[in-house]
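# Structural features, examined
The primary structure of each chain is shown beneath.
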Amino acid sequence: MIPYRYFEYLRTGRTAGLDPVFHHNRLDILTLACLTSLVLAALGDPSRAPLHAVDLVGLGGWLGKMGRADAALEVYTRALSTALPPEVAARARWESAMIHKRNGDYDRALPLWRELRTPEAAVEMAKYFEHRVRNYSAAMLAAQEARDEKRIARLERKAAAAGGVITRASVA
């Protein structure tokens, strides 16, 4: 209705009927002002952001992109303490785990990857076990869970070069 009235004005030059267009534009401006206030408040003090859990996950993403990892973790944790749709909860877990990984806090990242039970999380666990703790058996299990054939083959070669043998069958 609003676009029609505006296009009618452009076509004819008559201003009659534009009052609803101006009213609509005023509402748009007020809405943007309210949203701006809400976003600034949420970014300023994320711990007090009056947002729904799904929106908290989005806020966590913004905070992470702004380099505010601690604040992002705080809102992800807050969101995960509520009932979230599975895909949103998975995103919050993944992002939290990756922040912990960047911070070198694998004790907190590992449980999140385990909860995710995704091939991507299994790859992260395989990398951790292979490169950080040099536990090739655990790395092999994670690589198998991820179905990462290249990593499995490399782990078999590494184990053989180190004098041990880890095969698909020995950890299956």
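The shown structure was predicted, so the numbers you read here are calculated from the model rather than taken from an experiment. (Residues numbered from 1 in each chain as written. Predicted model: local features only at pLDDT ≥ 70, side-chain atom pairs only at ≥ 80, totals over all residues. Heavy atoms only, no water.)

## Some details on the overall build of the protein
Note the following rule: Under the scheme used here, helices are H or I runs from DSSP no shorter than 4 residues and strands are E runs no shorter than 2 residues, and both carry numbers assigned from the N terminus. For every residue, the accessible area (1.4 Å probe, protein chains only) is compared with the maximum for its type, and the residue is labelled buried under 20%, exposed over 50%, or partly exposed between those bounds. Accessibility throughout is a Shrake-Rupley quantity obtained with a 1.4 Å probe, and a residue counts as covered only by protein chains that appear here. In this charge count, Lys and Arg are treated as positive and Asp and Glu as negative; neither His nor the chain ends contribute. Charged side chains are reduced to one point each, which is NZ for Lys, CZ for Arg, CG for Asp and CD for Glu.
Helices and strands together make up the secondary structure of the protein, namely 10 helices and zero strands. Seen in sequence order, the protein has helices and strands lined up from the N terminus as α-α-α-α-α-α-α-α-α-α. Projecting the C-alpha coordinates of the protein onto the three principal axes gives extents of approximately 90 × 35 × 25 Å. Relative to its 172 residues, the protein shows a buried fraction of 33%. Total accessible area on the protein stands at roughly 11000 Å², and carbon and sulfur atoms take up 58% of it. Each charge class in the protein can be summarised by its mean position, and for the 25 positive and 19 negative side chains these summaries are 3 Å apart.

## Things to note about the environment of Gly 64
Mapped onto the elements of the fold, Gly 64 is located in helix H3 (residues 53–65). Given a relative accessible area of 36%, Gly 64 falls into the partly exposed group. The spatial distance from the C-alpha of Gly 64 to the C-alpha of Thr 118 is 22 Å, given a sequence separation of 54 residues.

## With respect to the packing of helix H6 (residues 106–116) against helix H7 (residues 119–132)
To be explicit about the condition: The axes are straight lines fitted to the C-alpha atoms, using for helices just the contacting stretch, and the angles between their N-to-C directions are given from 0 to 180°. Here a crossing is taken to be left-handed if its near helix is turned anticlockwise relative to the far helix by less than a right angle, and right-handed if that turn runs clockwise. Residue contacts are counted whenever heavy atoms from the two residues lie within 4.5 Å of one another.
The geometry of H6 relative to H7 is characterised by a closest axis approach of 8 Å and an angle of 145° between their N-to-C directions. Crossing handedness for the pair H6 and H7: left-handed. For the pair H6 and H7, the contacting residues are Tyr 106, Leu 110, Trp 113, Arg 114 and Leu 116 in the first and Ala 121, Glu 124, Met 125, Tyr 128, Phe 129 and Arg 132 in the second.

## Looking at the confidence of the model for the protein
Applied cut-off: For every residue, the predictor reports its confidence as pLDDT, a number between 0 and 100.
Overall, the predicted model of the protein reaches an average pLDDT of 91, with 95% of residues at or above 70. Taking the mean pLDDT of every element in the protein, the minimum, 54, falls on helix H10 (residues 168–171) and the maximum, 98, on helix H5 (residues 86–102).

## Here we look at a nonpolar patch on the surface
Note the cut-off: Patch definition: residues with relative accessible area over 30% and no salt bridge; like charges joined within 9 Å; nonpolar side chains (Val, Leu, Ile, Met, Phe, Trp, Tyr) joined within 5 Å. Just to be clear on terms, a salt bridge is a Lys or Arg side-chain nitrogen sitting within 4 Å of an Asp or Glu carboxyl oxygen.
Judged by side-chain polarity, Tyr 6, Phe 7 and Leu 10 come together as a nonpolar surface patch covering roughly 330 Å² of accessible area. Note that Leu 10 resides in helix H1 (residues 2–12). Leu 10 sits in the partly exposed class, given a relative accessible area of 48%.

## Side note on the packing of aromatic side chains
Rules: Geometry of aromatic contacts follows a simple scheme: Phe, Tyr and Trp rings, the Trp one being its six-membered ring, pair when their centres are within 6.5 Å, and the pair is stacked under 30 degrees between planes, edge-to-face over 60, tilted otherwise. By definition here, charges over rings are those cases where NZ of Lys or CZ of Arg is within 6 Å of the ring centre and within 35 degrees of the ring normal.
With the rule as written, the count across this model stands at five aromatic pairs. Here Tyr 6 and Tyr 9 contribute two aromatic rings whose centre-to-centre distance is 6.3 Å and whose plane-to-plane angle is 40°, an arrangement assigned as tilted. Taken as a pair, Tyr 6 and Tyr 9 lie in helix H1 at a separation of three residues, close to a single helical turn. A relative accessible area of 39% means that Tyr 6 is categorised as partly exposed. Under the relative-accessibility criterion, Tyr 9 is labelled partly exposed at 29%. In this structure an aromatic cluster arises from ring pairing among Tyr 106, Trp 113, Tyr 128 and Phe 129. Above the plane of the ring of Trp 62 lies Lys 65, whose end atom (NZ or CZ) is 5.9 Å from the centre.

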